[in-house]
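# Survey of secondary and tertiary structure
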Amino acid sequence: MAEKTGGFDIGGLEGVVGNLFGGKHFDIKALEPMWAQIQPFLRDLPADEIAEKIGSWAKELQLPIVGTIPADVVEKIQHGVRVPLARLIKT
């Protein structure tokens, strides 16, 4: 059974994401649809829980998440505003 985290399914995504990597570089645009599906599940959560879930998701997929997620980004996610993945991932 696929692992569930915060309402979204992360099971089997490692292979999908693995195909998006080329050496040490990956395609953020290819990950955007996946992020768009996850983001609604974060709406209305407390800021610390949003940061924890994003960190967990990034860790599962071995994504280079930014050191600190800006407060304005967390606030936008809380209010259901679409935030580009590029705001969360180191490039």
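Broken down by element type, the protein carries four helices and four strands. In sequence order, the protein lays out its α and β elements as β-β-α-β-β-α-α-α. If you take every contact in the protein between residues at least 6 apart in sequence, the share linking residues at least 24 apart comes to 61%. When the accessible surface of the protein is split by element, carbon and sulfur atoms take 54% of a total near 5500 Å².

Right, let's talk about the environment of M34 for a bit. Its place among the elements puts M34 in helix α2 (residues 28–38). For M34, a relative accessible area of 13% translates into the label buried. The sequence separation of M34 and L85 amounts to 51 residues, and the corresponding C-alpha distance is 9.7 Å.

This structure, assessed with the given rule, holds two salt bridges. Note that R82 is salt-bridged to E32, the shortest N-O span being 3.5 Å. Taken as a pair, R82 in the segment after α4 (71–78) and E32 in helix α2 lie far apart in primary sequence, 50 residues in all. With its nearest N and O atoms 3.5 Å apart, the salt bridge here joins R87 to D72. One end of the pair, R87, is in the segment after α4; the other, D72, is in helix α4, and 15 residues separate them in sequence. A relative accessible area of 34% means that R87 is categorised as partly exposed.

Every buried residue belonging to α4 is among V73, V74 and I77, and all of these are buried. One face of α4 carries all of its buried residues, which in axial projection span an arc of 100°. Where the residues of α4 are buried, they touch α2 and α3 (47–60). Backbone geometry just downstream of α4 places G80 in the positive-phi region, at approximately 80°.

Let's shift gears to the side chain of Q39. Looking at the secondary structure, you find Q39 in the loop between α2 and α3. The exposure class assigned to Q39 is buried, which follows from its relative accessible area of 7%. Discounting residues that sit within four places of it in the chain, Q39 has contacts with I77, V81, R82 and V83.

Rules used throughout
Residues numbered from 1 in each chain as written. Predicted model: local features only at pLDDT ≥ 70, side-chain atom pairs only at ≥ 80, totals over all residues. Heavy atoms only, no water. Helix = DSSP H or I, 4+ residues; strand = E, 2+ residues; numbered from the N terminus. Contact = heavy atoms within 4.5 Å. Areas by Shrake-Rupley, 256 points an atom, 1.4 Å probe, with all protein chains shown as cover. Buried < 20%, exposed > 50% of the residue type's maximum accessible area, 1.4 Å probe, protein only. Salt bridge = Lys/Arg side-chain N within 4 Å of Asp/Glu carboxyl O. Arc of directions from axis to C-beta.

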